[in-house]
Amino acid sequence: MHDTILPGAGRPASISIPRLRAAFNGRVIAPDDASYDRARTVFLGDIDRRPAVIIRPADATDVSRVISLATETGLELAVRSGGHSAAGHSVTDGGIMLDLSDMRRLDIDPQQRTAWAQTGLTAGQYTTATGAHGLATGFGDTGSVGIGGITLGGGIGYLVRKHGLTIDNLLAAELVTADGQLLRVDHQAHPELFWAIRGGGGNFGVATRFQFRLHQVQTILGGILILPATPEVIAGFIAEAEAAPEDLSTIANIMPAPPMPFLPAEQHGRLVVMAMLVHAGQTEAGERAITPFRKLAKPLADLVRPMPYPEIYPPVEESYHPTAVTHTMFVDAIDGDAAETILDHLQASDAPMRVAQLRVLGGAMARVPVAATAFAHRHSRIMANLATFYDGPADRAVRQAWVSDFAAVLRQEDTGAYVNFLGDDGQARLRQAYPGLTWDRLAAVKARYDPTNLFRLNQNIPPATQTPGQ
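Because the structure is a prediction, the values reported are computed rather than measured. For every chain, the first residue of the written sequence is number 1, and numbering continues from 1 along that sequence. pLDDT decides what is reported in this predicted model: residues at 70 or higher carry local features, side-chain atom pairs at 80 or more are listed and counted, and totals for whole chains, interfaces and linings draw on all residues regardless. Here the side-chain values reflect all heavy atoms present in the structure, with hydrogen atoms and water set aside.

## Quick word on the sheet that holds strand S7 (residues 106-109)
(1) Moving on: Spatially, S7-S8-S12-S10-S11 is the arrangement adopted by the five strands of the open sheet, whose pairing is antiparallel. Of all strands in the sheet, those bounded by a partner on one side alone are S7 and strand S11 (182-185). Adjacent strand axes in the sheet meet at a mean angle of 10°, parallel and antiparallel pairs treated alike.
(2) Moving on: In short, DSSP must find at least two bridges between two strands for them to pair. Helix numbers and strand numbers start at the N terminus; a helix is a DSSP run of H or I with at least 4 residues, a strand a run of E with at least 2. Two strands pair when backbone bridges link them, and S7 and strand S8 (residues 114-118) are joined in this way by four bridges, in the antiparallel orientation. Its bridge partner lying in S8, Asp 109 is registered against Thr 114. In this analysis, axes come from line fits to C-alpha atoms, helices being fitted only over the stretch in contact, and the angle between any two N-to-C directions falls in the range 0 to 180 degrees.

## A short note on the packing of aromatic side chains
(1) Moving on: The rule is short: rings of Phe, Tyr and Trp, with Trp giving its six-membered ring, pair when the centres are within 6.5 Å, and they are stacked under 30 degrees, edge-to-face over 60, tilted in between. Going through the model one piece at a time under the given rule, you end up with 11 aromatic pairs.
(2) Moving on: Between Phe 237 and Phe 293, the ring centres sit 4.9 Å apart and the planes meet at 65°, which makes this aromatic pair edge-to-face. Taken together, the positions of Phe 237 in helix H8 (residues 231-243) and Phe 293 in helix H9 (residues 283-294) put the pair 56 residues apart, joining distant regions of the chain.
(3) Moving on: On the basis of relative accessibility, which here comes to 0%, the residue Phe 293 falls in the buried class.
(4) Moving on: Grouping aromatic residues by their ring pairs yields a cluster made of Tyr 126, Phe 139, Phe 210 and Phe 212.
(5) Moving on: As a reminder, the over-ring test applies to NZ of lysine and CZ of arginine, requiring each to be within 6 Å of the ring centre and within 35 degrees of the ring normal. Positioned above the aromatic ring of Trp 116, the side-chain terminus of Arg 209 is 4.2 Å from the ring centre. Per-residue accessibility, obtained with a 1.4 Å probe over protein chains only, is compared with the maximum for each type, and a residue is labelled buried under 20%, exposed over 50%, and partly exposed between these values.

## Some points on the nonpolar core
(1) Moving on: Side-chain atoms within 4.5 Å are what join buried Ala, Val, Leu, Ile, Met, Phe, Trp, Tyr and Cys residues into a set we call a nonpolar core. In terms of nonpolar packing, the biggest core is built from 73 residues, with Tyr 126, Leu 193, Ile 197, Tyr 309 and Ile 312 touching the most fellow members.
(2) Moving on: With sequence-adjacent residues up to four places away left out, Tyr 309 is seen in contact with Thr 127, Ala 136, Tyr 158, Leu 159, Val 217, Gln 218, Ile 220 and Val 278.
(3) Moving on: Residues Ala 339, Ala 356, Ile 382 and Trp 402 belong to the second largest nonpolar core, which totals 42 residues. Any two residues whose heavy atoms approach within 4.5 Å are treated as being in contact.

Written out as structure tokens, the structure is:
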């Protein structure tokens, strides 16, 4: 039993940990608790921050109390769903960490094909539970990602071409705003706020529950297909992915081959195209759709097979905390010249892990009007994510220079950015995620629902009356 000193806005405030524990239905974790270090750990290995207190709310009432505590003390508030923020926004130094991971209730209505999901659930947990009914909502490509963050930023995953972004399947949300109110938002109730949270991130409140549309997704044809990395194979892969039926979504990772047991030893470390394929339709149609990819070159490994959709998520490795430099962008086309540029840059680095990831978009995602949600990149054709691991500060500078140069030579007409993959990239890059009128509209919603910018530890959109940095 102990106290922690939390400096208030304009005056110091002493808050008793025992009193906090008495005030919350959920768990309160203090810096000298045995579980503190594990609780403050997030996905990325280079984020090392120490919150003054970690609160795991049991319900929306607890969330409202945490928001009041942050308002009263003036402490920075971090909101964690799965802890995968590339900028480390899931945890704060010296502030309050609101960790939603104990809020994992999921209510599935198989007849109506809808689900109400609390935002402490991960994509893998949700997908496994709905998969038991032969149903799914599309999230990303990593099972340990929290559904809170990925949904608020858009959600680009294995079902993006067939069923759109995660936000395209969001029917309603429950959100605790900066004044502590719990609001239900949908197309009828607070429609402008509902527009904003579909792509605008955590700027407007703490989402506690989402209602999603579910789709019939039972047996998929999916898995890993590894091909030799040549300019012809890379350009051909992208061309086939663009021409493929919308049932098929693909992710092509151009990278050194890891020492996987199903790869010949002589391939380890050589550049390959490690592709993830998901065909969410009839198996026979899937085989036809995937045949052109297999014909691009003799596969080095072919693990594509019929499987239940949840199996596409690999098992979660609790100890995996990479340190990486990344850059996300959209490109208009990958022809032979662009493919050669990608290979040249990958070959010029000696980082043990480096990758250019290409995701062909389009399909259902592209049919939603640009102004319908705060995700403004409906017509972007290909998302490219560049990444490399690093070891220590000196190595980080070298790898950052490599990634920046790589992005510069790959840049084309589409200058947009996907907010969920942005790191601590600065205001100009954030404006690329929310171009033109999208930014202005989001800033107006922010001014209405969070005029003091309480929710600022995020890819931050200041209120319309406030300039950045105020």
